[in-house]
Amino acid sequence: MTGSAPPAAGAVSLAVLGDSGGHSYQDRLVFVAPNERGGVFRPLTLQWTEALARLRPDEIDLGPWVRWGSRNRVARLRELVGLNGHRVPRKEDYLYNFAVTGAACEHLMGNRIRQAPRLVALMNKQPERWRGGVVVIRIGSNDFTPHVDLAAKDPSAPALRAVAEHCAREIGRAVALIHGAHPAARIVLVGLSGEADDPLYVDRWQTAEETANFRAALALVNGAIRGIGAGDPRIAFADFGAWLAALMGTRTPAGKPDYRTIAIGPRIRVTHSVGDDPHNSTLSDDHSGVAINTLWARSLVQQLIVDFGLPLTPIGDEEVVRFLEPLFEAARAPGS
């Protein structure tokens, strides 16, 4: 792997920084039994990156699918002698996808993984492809999740303010680094969804006070992330939590779950529930299922069109149905 690849003619280059919210599910170097994404349905279980690459292969270029990267020690040694430091850890993914499961905000700029500096080093090999390119930064869940019970009790707690300040600072540093080297690149900052509307936790935080507190804590963190790009036309904020709540429902003001089943075409129904079968919104390991990821990929394309004026074709409802129906049919097949 040379660390570069010819851009697809006319395509928008797209890179990803972050955690398991961006790490492609079909990576068989990191996700091996018993840690597979999707269990027996793994071949049908796609991350939004994988759905996007299949739906818009001629318009969005995440780079080739490669087994590439190394341990941090090897990467650091390469950097010390002036070579590209590689992606850390080694994984099977699109070339420009540096997101890795378990990453926290500290891993954007430091703490072994150093996603942003190592991505920028790769971008520097072909600066022309990033004049109209996009970097999606989706991180922070692993910083916020350890404090969810505190969020339900005291949204102004110092620990929560520290998470907001830390993530905003590290994401801001990554944005500054990217724009310092590639000032015309667009950046999408993805907000957190928290845990209050996660079906895995449907039995928790069922009071009005807890619900209000949780939303206030989430607004604190997302507000800090949103503020990074305020007034900069090169930066957009994607509120994933608000998008998911609008799609699948949320809790009532009294804290009671009020979720819905969504219809995708005449035959597909998806419930806001947990399980590896694609009819669930959420996998057994608490990551978005293929339906949610496909719809999120559609939403991202639309945002890139609206916020940045990129020459992309919107992903229509019928196209989503044609893409998902074979996956859902395969899930019903004997032995799947």
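Heads up: these notes are all about the structure in this document. This structure is a prediction, so every number in the text was calculated from the model and none was measured. (Residues numbered from 1 in each chain as written. Predicted model: local features only at pLDDT ≥ 70, side-chain atom pairs only at ≥ 80, totals over all residues. Heavy atoms only, no water.)

## Some details on the packing of aromatic side chains
Here's step 1: Per the stated rule, a full pass over the model turns up 9 aromatic pairs.
Here's step 2: With 6.0 Å between their ring centres and 80° between their planes, phenylalanine 144 and phenylalanine 214 make a pair best called edge-to-face. Here phenylalanine 144 is found in helix 4 (residues 141-144), whereas its partner phenylalanine 214 is found in helix 7 (residues 208-226), with 70 residues between them in sequence. Both residues of the pair, phenylalanine 144 and phenylalanine 214, belong to the buried class.
Here's step 3: For the ring pair phenylalanine 240 and tryptophan 296, a centre distance of 5.1 Å and an interplane angle of 85° mean the geometry is edge-to-face. Of this pair, phenylalanine 240 sits in helix 8 (residues 240-248) while tryptophan 296 is found in helix 9 (residues 290-308), placing the two residues 56 residues apart along the sequence. (Phe/Tyr/Trp six-rings, centres within 6.5 Å; stacked < 30°, edge-to-face > 60°. Helix = DSSP H or I, 4+ residues; strand = E, 2+ residues; numbered from the N terminus. Buried < 20%, exposed > 50% of the residue type's maximum accessible area, 1.4 Å probe, protein only.)

## Observations regarding the nonpolar core
Here's step 1: By size, the foremost hydrophobic cluster in this structure holds 50 residues, and its most contacted members are Leu17, Val135, Ile137, Phe144, Ile171, Ile178 and Leu189.
Here's step 2: For this core, the element with the most residues is helix 6 (residues 158-181), which contributes 8 residues.
Here's step 3: By size, the runner-up hydrophobic cluster in this structure holds 49 residues, among which are Leu55, Leu62, Leu327 and Ala331. (Core = buried A, V, L, I, M, F, W, Y, C linked by side-chain atoms within 4.5 Å.)

## Things to note about the pattern of salt bridges
Here's step 1: One pass over the structure, following the stated rule, counts 14 salt bridges.
Here's step 2: Residue arginine 298 is joined to aspartate 317 by a salt bridge in which the shortest nitrogen-to-oxygen separation is 2.4 Å. Here aspartate 317 lies in helix 10 (residues 317-332) and arginine 298 lies in helix 9, a separation of 19 residues in the sequence.
Here's step 3: For arginine 298, a relative accessible area of 24% corresponds to the partly exposed category.
Here's step 4: Accessibility expressed as a relative area gives 56% for aspartate 317, which makes it exposed.
Here's step 5: Through salt bridges that share partners, Arg56, Glu59 and Glu319 make up one connected network. (Salt bridge = Lys/Arg side-chain N within 4 Å of Asp/Glu carboxyl O.)

## With respect to the sheet that holds strand 10 (residues 262-264)
Here's step 1: Across the sheet, which stays open at both edges, the 3 strands sit in the order 10-11-12 with mixed pairing between neighbours. Of all strands in the sheet, those with a lone pairing partner are strand 10 and strand 12 (280-282), marking the two edges. Strand-to-strand twist across the sheet, computed as the mean angle between neighbouring axes with direction ignored, equals 40°.
Here's step 2: For strand 11 (residues 268-274) and strand 12, the ladder comprises 2 bridges, and the chain directions are parallel. Within strand 12, the position partnered with threonine 271 by the bridge is asparagine 280.
Here's step 3: With respect to the sheet, helix 10 is in contact with strand 10 and strand 11, its orientation differing from that of strand 11 by roughly 70°. (Pairing = 2+ DSSP bridges. Axes fitted to C-alpha atoms, helices over the stretch in contact; angles between N-to-C directions. Contact = heavy atoms within 4.5 Å.)

## Quick word on unusual backbone geometry
Here's step 1: Between valine 88 and the following residue, proline 89, the backbone shows a cis peptide bond with an omega angle of -5°.
Here's step 2: The residue proline 89 is located in the loop between helix 2 (72-80) and strand 4 (91-94) in this model.
Here's step 3: Its identity as a non-glycine residue notwithstanding, arginine 114 has a phi of 50°, on the positive side.
Here's step 4: The topology assignment puts arginine 114 in the loop between strand 4 and helix 3 (115-123).
Here's step 5: Positioned with a positive phi, tryptophan 205 is a non-glycine residue whose angle comes to about 55°.
Here's step 6: Structurally, tryptophan 205 can be placed in the loop between strand 6 (186-190) and helix 7.
Here's step 7: Owing to a relative accessible area of 7%, tryptophan 205 belongs among the buried residues under this scheme.

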